[in-house]
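Observations on chain architecture
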Amino acid sequence: MAVPLVQLTRTAPAFGATPAVPSIPARKPGWLKVKAPGGPNYVRIKTMMRELGLHTVCEEARCPNVGECWEHEAATFMILGDVCTRNCTYCAVAHGTPKAFDPLEPIRLAEAVSRMNLQHVVITSVDRDDLPNGGAEAFAGCITEIRRRQPGTTVEVLIPDFKGSERALQIVMDARPDILNHNLETAERLYRMARPGGRYDRALRVLANARRMVPDGLTKSGVILGMGEEWDEVLVCMRDLRRSDVNILTLGQYLRPSGSHMPVARYYTPDEFVELREIGLSLGFSHVESSPLTRSSYHAWEQVTAAKGGGHPERREGPPGLRPESLTRAERGEDDGSLKAPVEHR
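Position labels on residues start from 1 in each chain and follow its written sequence. Local features in a predicted model are, by the rule used here, given only for residues with pLDDT of at least 70; side-chain atom pairs are given and counted only at 80 or more, and totals for whole chains, interfaces and linings are based on all residues. To get the side-chain values, take all heavy atoms of the structure and skip hydrogens and water.

With that out of the way, let us pick up the overall build of the protein chain. A run of DSSP states H or I qualifies as a helix once it reaches four residues; a run of E qualifies as a strand once it reaches two. Both are numbered from the N-terminal end. Helix and strand counts for the protein chain stand at 11 helices and 10 strands. Buried residues in the protein chain amount to 56% of all 346 residues. Within the protein chain, counting contacts between residues at least 6 apart in sequence, those at least 24 apart form 77% of the total. When a residue's accessible area, from a 1.4 Å probe over protein chains only, is under 20% of the maximum for its type it is buried; when over 50% it is exposed; and in between it is partly exposed. Residue contacts are counted whenever heavy atoms from the two residues lie within 4.5 Å of one another.

Structurally, Val157 is set in strand E6 (residues 154-158). Overall, the relative accessible area of 0% leaves Val157 in the buried class. In sequence terms Val157 and Ile179 are 22 residues apart; their C-alpha atoms lie 6.4 Å from each other. Every residue in contact with Val157, bar those within four places of it in the chain, is listed here: Ile123, Phe139, Ile143, Val172, Pro177, Ile179, Leu180 and Asn181.

Note on definitions: salt bridges are taken to be side-chain nitrogens of Lys or Arg within 4 Å of carboxyl oxygens of Asp or Glu. In the structure shown here, the tally under the stated rule is 17 salt bridges. The shortest N-O distance in the salt bridge between Arg115 and Glu111 comes to 3.5 Å. Of this pair, Arg115 and Glu111 both sit in helix H4 (residues 105-116), 4 residues apart, which is roughly one turn of the helix. With its nearest N and O atoms 2.9 Å apart, the salt bridge here joins Glu145 to Arg148. Within this pair, Glu145 and its partner Arg148 are both found in helix H5 (residues 136-149), separated by 3 residues, close to a single helical turn.

Mapped onto the fold, Glu105 is located in helix H4. Arg108 provides the closest opposite charge to the buried, salt-bridge-free Glu105, at an N-O distance of 4.6 Å. Discounting chain neighbours no more than four positions away, the residues touching Glu105 are Leu54, Met78, Ile79, Leu80 and Gly81. When charges are counted, neither His nor the chain ends are considered; positive counts come from Lys and Arg and negative counts from Asp and Glu.

In summary, the pairing rule links any two rings of Phe, Tyr or Trp, Trp by its six-membered ring, whose centres are within 6.5 Å, and it sorts them by plane angle into stacked for under 30 degrees, edge-to-face for over 60 and tilted for everything else. Summed over all chains, the structure comprises 3 aromatic pairs. On the basis of an interplanar angle of 80 degrees and a centroid distance of 6.3 Å, the ring pair of Phe139 and Phe162 is categorised as edge-to-face. Here Phe162 lies in the loop between E6 and helix H6 (166-174) and Phe139 lies in helix H5, a separation of 23 residues in the sequence. This pair shows no difference in class: Phe139 is buried, exactly as Phe162 is. By definition, being over a ring means that NZ of Lys or CZ of Arg is both within 6 Å of the ring centre and within 35 degrees of the ring normal. Here the guanidinium or amino end of Arg266 rests over the ring plane of Tyr268, the centre of that ring lying 4.6 Å away.

Here Phe162, not a glycine, exhibits a phi torsion of approximately 50 degrees, which is positive. Among the residues examined, Phe162 registers a relative accessible area of 6% and is labelled buried. Even without being a glycine, Asp245 presents a positive backbone phi close to 65 degrees. On the secondary structure map, Asp245 appears in the loop between helix H9 (231-243) and strand E9 (248-253). Relative accessible area serves as the criterion here: at 4%, Asp245 is assigned to the buried category.

As a further point, take the nonpolar core. Take the buried residues of types Ala, Val, Leu, Ile, Met, Phe, Trp, Tyr and Cys, join any two whose side-chain atoms come within 4.5 Å, and each joined set is a nonpolar core. Judged by nonpolar contacts, the single largest core of 40 residues is most densely connected at Phe77, Leu109, Ile123, Val157 and Ile159. Broken down by secondary-structure element, the contributors of at least two residues to this core are strand E2 (76-79), H4, strand E5 (120-125), H5, E6, H6 and helix H8 (200-213). Sorting elements by how many residues they give to this core places H5 first, with 7 residues. If you look at the next biggest cluster of nonpolar residues, it comprises 27 residues, including Leu207, Trp231, Phe273 and Phe285.

To continue, consider the pairing of E9. Within E9, 6 of the 6 residues are buried, which leaves the element mostly enclosed by the surrounding structure. A pair of strands is labelled paired if DSSP reports no fewer than 2 bridges between them. Here strand E8 (residues 218-225) runs beside E9; their pairing, made up of 6 bridges, is parallel. Each residue of the ladder has a partner; that of Val223, found in E9, is Leu251. If you view a crossover with the strands going away from you and the path from the first strand over the helix to the second runs clockwise, you call it right-handed. Crossover E8 to E9 through H9 is right-handed. Here E9 runs beside strand E10 (residues 287-290); their pairing, made up of 4 bridges, is parallel.

In an α-helix there are 3.6 residues to a turn, and that puts residues three or four apart on one side. Looking at H6, one finds that the buried residues are Ala168, Leu169, Val172 and Met173. Looking straight down H6, one finds its buried side chains confined to an arc of 135 degrees; they lie on one side. The exposed set on the far side of H6, more than 90 degrees from its buried face, consists of Arg167 and Asp174. In this structure, the buried residues of H6 make contact with H5, E6, strand E7 (179-181) and H8. Structurally, the start of H6 carries an N-cap: the backbone nitrogen of Arg167 is 3.4 Å from a side-chain oxygen of Ser165. Just downstream of H6, Arg176 is the residue with a positive phi angle, here 60 degrees. For this quantity, the arc is that covered by the directions from the helix axis to the C-beta atoms. Polar contact is defined as a pair of N or O atoms within 3.5 Å, subject to the rule that within protein one atom must be able to donate a hydrogen and the other to accept it, and that residues adjacent in sequence are counted only when both atoms are side-chain atoms.

Moving on: the packing of H9 against helix H10 (residues 270-283). Only the stretch in contact is used when a helix axis is fitted, and all axes are lines through C-alpha atoms; the angle between N-to-C directions ranges over 0 to 180 degrees. At a minimum axis separation of 10 Å, H9 and H10 run at an interaxial angle of 30 degrees. Looking at the two axes, H9 sits roughly parallel to H10. The element H9 and its partner H10 pack so that their crossing is right-handed. Facing H9, whose interface residues are Trp231, Val234, Leu235, Met238, Arg239 and Arg242, H10 presents Glu272, Glu275, Leu276, Ile279, Gly280 and Leu283. Oblique is the label for every angle not falling under 35 degrees (roughly parallel), over 145 degrees (roughly antiparallel), or within 65 to 115 degrees (roughly perpendicular). Left-handed is the label given to a crossing in which the near helix is rotated counterclockwise from the far helix by less than a right angle, and right-handed is the label when the rotation is clockwise.

Set out below in structure tokens:
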């Protein structure tokens, strides 16, 4: 299958220029409409979260799948508070000065997991650049407490970049999460505009180092589409993630949280998400979740089984033009040597 280099928005700006913010399409397409939440499990889980003083990214990030996931008794817990020290222009989570770290939060979270009898749990956090290890100890504490109460529950952590600290990452990996997730989010060209506190290469290093620290673990990353990237830039993101030995990939449509956030540049069609899924499988990802409403933890309980089962049943080899070695960052003249940490497996 040939891969067209389709320009979705505009050509890249001249070196040193600030990327222009794209204009928002006039109307949201029908395939992005979802049923408003409100079933019995939704109400029960929301009440329990408030009783235990817990937060979910489902609510804080205004996820469109909250109704579906909560009816399946699946939730993504957000630890370390609900105020982020960074200010990404696409994210609905509040920005400002966070509250003090609560050392009892892992115990309350494990109680919620036990009460819900979850088979798979996803834990994420706001960025806490104010803490020495970025809150890594809280992730490790949650994993430990869940394993103590629910040893059969698989645990996925969606971590911040910890400013690239290998010490912080090692704290998390020593707790042995079943899946280590860190989202790449967008194309390198858009980082300064969309994710000013992050670094594209640093995100890739986090994922490569996680594989090096626990070679038999699973890693995962996601890309949001529709913020101004071009088709070939999406493919570069996918290839770079495979070069960092990522197992699971999620691709979803960006939805603007409010008028003060980064506008939507383009709505991808369901067929385009299917095509990207096929390309991802041909690149060697064990599992690819790709649809307009996909979010990082969407159907996460199914992704674990698929990835641990040795790959997707529909996976097939692609032509040479789609293989990871066909376009590396080094071949684009952009490799500064920062990604050369050894990657030992898969």
